[in-house]
Amino acid sequence: MQEPAVAAIRTVSHDLPVSAEFEVFMANGWAATPLPADIRLPVAGLAEARRAKLSARFPGERLIVPAGEFKVRSNDCDHRFRPHSAYAWLTGLTGEDQAGHVLVLEPDGPHRHEAVLYVRPRSPRAGEEFYRDRRYGEFWVGRRPDLAEAERMTGVRCAHRGEYDRLPPGRDASGDGELAAALSELRLVKDAWEVEQLQLAVDHTTAGFEDVVRALPRALAHPRGERWIEGVFGLRARAEGNGPGYETIAASGAHACVLHWIRNDGRLDPRELLLLDAGVETDTLYTADITRTLPLSGRFSPVQRQVYGLVLAAQDAGMAALKPGASFRDFHRAGMRVIAEGLAEWGVLKSAEGDFHRRYTLCSSGHMLGLDVHDCAQARADAYLDGVLEEGQVLTVEPGLYLQPDDETLPAELRGIGVRIEDDLVITADGARLMSHALPRTPDAVEAWMGELLEG
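Conventions we followed
Residues numbered from 1 in each chain as written. Predicted model: local features only at pLDDT ≥ 70, side-chain atom pairs only at ≥ 80, totals over all residues. Heavy atoms only, no water. Helix = DSSP H or I, 4+ residues; strand = E, 2+ residues; numbered from the N terminus. Buried < 20%, exposed > 50% of the residue type's maximum accessible area, 1.4 Å probe, protein only. Contact = heavy atoms within 4.5 Å. Areas by Shrake-Rupley, 256 points an atom, 1.4 Å probe, with all protein chains shown as cover. Lys, Arg positive; Asp, Glu negative; His and termini not counted. Charge placed at Lys NZ, Arg CZ, Asp CG, Glu CD. Axes fitted to C-alpha atoms, helices over the stretch in contact; angles between N-to-C directions. Parallel < 35°, antiparallel > 145°, perpendicular 65-115°, else oblique. Left-handed = near helix turned anticlockwise from the far one by under 90°. Nonpolar A, V, L, I, M, F, W, Y, C, P; charged D, E, K, R; others polar. Core = buried A, V, L, I, M, F, W, Y, C linked by side-chain atoms within 4.5 Å. Pairing = 2+ DSSP bridges. Salt bridge = Lys/Arg side-chain N within 4 Å of Asp/Glu carboxyl O. Phe/Tyr/Trp six-rings, centres within 6.5 Å; stacked < 30°, edge-to-face > 60°. Disulfide = S-S within 2.5 Å.

J.: How would you summarise the overall build of the protein if you had to cite specific residues and measurements?
T.: The number of helices and strands found in the protein is 14 helices and 17 strands. A principal-axis box enclosing the C-alpha atoms of the protein has dimensions of 80 × 55 × 35 Å. For the protein, with 456 residues in total, the buried portion stands at 50%. Sequence separation of 24 or more characterises 71% of the internal contacts of the protein that already satisfy a separation of 6 or more. For the protein, the accessible area works out to roughly 21,100 Å², and carbon and sulfur atoms hold 52% of it. Of the charged side chains in the protein, 51 are positive and 70 negative, and the gap between their average positions amounts to 2 Å.

Structural data, given as structure tokens:
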């Protein structure tokens, strides 16, 4: 049998060639270092059931789900690799060593498929890869399983990645819209294990928010306090999980009116608010997504409390609309009704009717949550945005008010205030459970919580 193709070794131009004698020396004298015999992934059985659901949707078709490839950050440095969420969901494999790997569901009769994982196995000692290849070599990036070990981990037949290149084409999730939509729709309802992982992500995120409050005195003293906040949360995310599930938003003052403020280079002013939107991603790649808007002095001013109170009322209305069978859009509509009525009461709007409130709130009030922060985004509208809620779905409720600093339709005292409150919930048989209940939401509770952490 022809030896599978091996990718060219990635070295740099100033590496010196090695002698034949050195190659022989490096190929010998290594002890056996097998992985433990019992290395099966805890999620392997769930992954098998997930593959069966996908198989049923595409009888007789070859289905290709790549993990993805490395992306260059600069010159010979890659971004940290994270496998594609659909690949992780179908295999249980979540590590940085999955770059370039591909899951293929091969038709095995008209109504079933055989799963085959095409992987780059452990570097053999008879060759240069293990000590010279800076992208894949074991001495550079760590040990990968060999083919037998990968099969024991996953319960899936494994083959060398080089063999994949000789396969006929099939439906590829990276470019086939129908397959991508099916994978998103199958992930809309979480199983019990997934809900546990999401709760773990929420719990770690709660700890990260507590870390941030404790760090506020040092952050307030730093010329780029927003970045100090980002770093404090990032430490918790890396210590407890894979890292932040998305770029942390640490937005103080008017920066909170920029929906995706990730520059995080501003100074903190104790007279202003801090909008912190952050989530820890677990090692299994499930992420939380929580936002709190905190008074940097520890106390809301009257106008800050006024804005915060309206957003909180909108979130309460949105949460109350969550239940199986409700339209997905119901909770957004409920929250926006409260926002529009509040703006009208303040005199900012002449009437709560119409869509003029959108000038001040800008975006939707929530989304599905899971392996991706905006989970299942490729699902068809009738299954998601225009669909109904089901028990086991996990989503965020996150209304906000973004009162731009240069908006002359607003009273001067409101300009430059941005408030968002975001929580994670799982749909239950008769409503929804607040997964992020450990973080306070009401202004009084936020102030008391901050005071206890800062005094401690």
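Next, the rest of the story.
J.: How would you explain the packing of helix α11 (residues 302-320) against helix α12 (residues 330-346) if you had to name every residue and give the values?
T.: In the contact formed by α11 and α12, the axes pass within 7 Å of each other and the chain directions differ by 150°. Compared by their axis directions, α11 and α12 come out roughly antiparallel. Taken as a pair, α11 and α12 cross one another with a handedness that is right-handed. Residues Gln306, Val307, Leu310, Val311, Ala313, Ala314, Ala317 and Gly318 of α11 touch α12, and the partners they reach there are Phe331, Ala334, Gly335, Val338, Ile339, Gly342, Leu343 and Trp346. The residue makeup of the contact of α11 with α12, split by class, is 12 nonpolar, four polar and no charged.

J.: Can you break down the nonpolar core residue by residue, with the values?
T.: In terms of nonpolar packing, the biggest core is built from 90 residues, with Leu54, Ile229 and Leu401 touching the most fellow members. It is helix α9 (residues 192-221) that provides the largest number of residues to this core, a total of 10 residues. Within the second largest apolar cluster, 17 residues are counted, among which are Leu188, Ala321, Ala326 and Leu395.

J.: Run through the sheet that holds strand β13 (residues 394-397), naming residues and quoting values.
T.: Read across the open sheet, the three strands follow the order β13-β16-β17; overall the sheet is antiparallel. Each edge of the open sheet is held by one strand with a lone partner, namely β13 and β17 (432-434). Neighbouring strand axes in the sheet, compared pairwise and without regard to direction, differ in orientation by 35° on average. Where β13 meets strand β16 (residues 423-427), four bridges bridge the pair, whose relative direction is antiparallel. Of the residues in β16, the one forming a bridge with Val397 is Asp423.

J.: Explain the pattern of salt bridges to me, using residue names and the numbers behind them.
T.: Under the defined criterion, the tally for this structure stands at 36 salt bridges. Where Arg62 meets Glu106, a salt bridge forms, and the shortest distance between an N and an O atom there is 3.0 Å. Note that Arg62 is positioned in the loop between α2 (44-57) and β1 (63-66) and Glu106 in strand β4 (residues 102-107), a separation of 44 residues in sequence. In this structure, the salt-bridge partner of Arg214 is Asp211, at a minimum N-O distance of 3.6 Å. One end of the pair is Arg214 and the other is Asp211, both in helix α9 and three residues apart, which spans about a single turn. Given the relative accessible area of 45%, Arg214 is considered partly exposed. Taken together, the salt bridges that share partners define one network made up of Glu61, Arg171, Asp176 and Glu178.

J.: Tell me about the packing of α9 against helix α14 (residues 443-455), and name the residues and values.
T.: Closest axis-to-axis distance for the α9/α14 pair is 9 Å, and the angle between their directions is 65°. Like other packed secondary-structure pairs, α9 and α14 cross with a definite hand, here right-handed. Between α9, through Phe209, Glu210, Val213, Arg214, Leu216 and Pro217, and α14, the contact on the second element is made entirely by Trp449, Met450, Leu453 and Leu454. Residues of the contact of α9 with α14, tallied by class, amount to eight nonpolar, no polar and two charged.

J.: So what's going on with the packing of aromatic side chains? Which residues, and what values?
T.: Inspection of every chain in the model, using the stated rule, returns 14 aromatic pairs. A ring pair is formed by Phe300 and Tyr308, whose centres lie 4.9 Å apart and whose planes are at 50°; its orientation type is tilted. In this structure, Phe300 and Tyr308 share a single accessibility class: buried. Through a chain of ring-to-ring contacts, the aromatic side chains of Phe22, Phe25, Trp30, Phe130, Tyr131 and Phe139 assemble into a single cluster.

J.: I'd like to hear about the state of the cysteines, residue by residue, with values.
T.: With the rule as written, the count across this model stands at zero disulfides. Free cysteine Cys257: the closest other cysteine sulfur is in Cys363, separated by 12 Å.

J.: Help me get a handle on the pairing of β16, residues and values and all.
T.: Most of β16 sits inside the fold, with five of its five residues counted as buried. Side chains of β16 alternate between two faces, with Asp423, Leu425 and Ile427 and Asp424 and Val426 buried alike. Sheet topology places β16 next to β17; three bridges connect them, and they run antiparallel. Bridge assignment links Ile427 to a residue of β17, and that residue is Ala432. Linking two consecutive strands that pair antiparallel, namely β16 and β17, is a turn of four residues.

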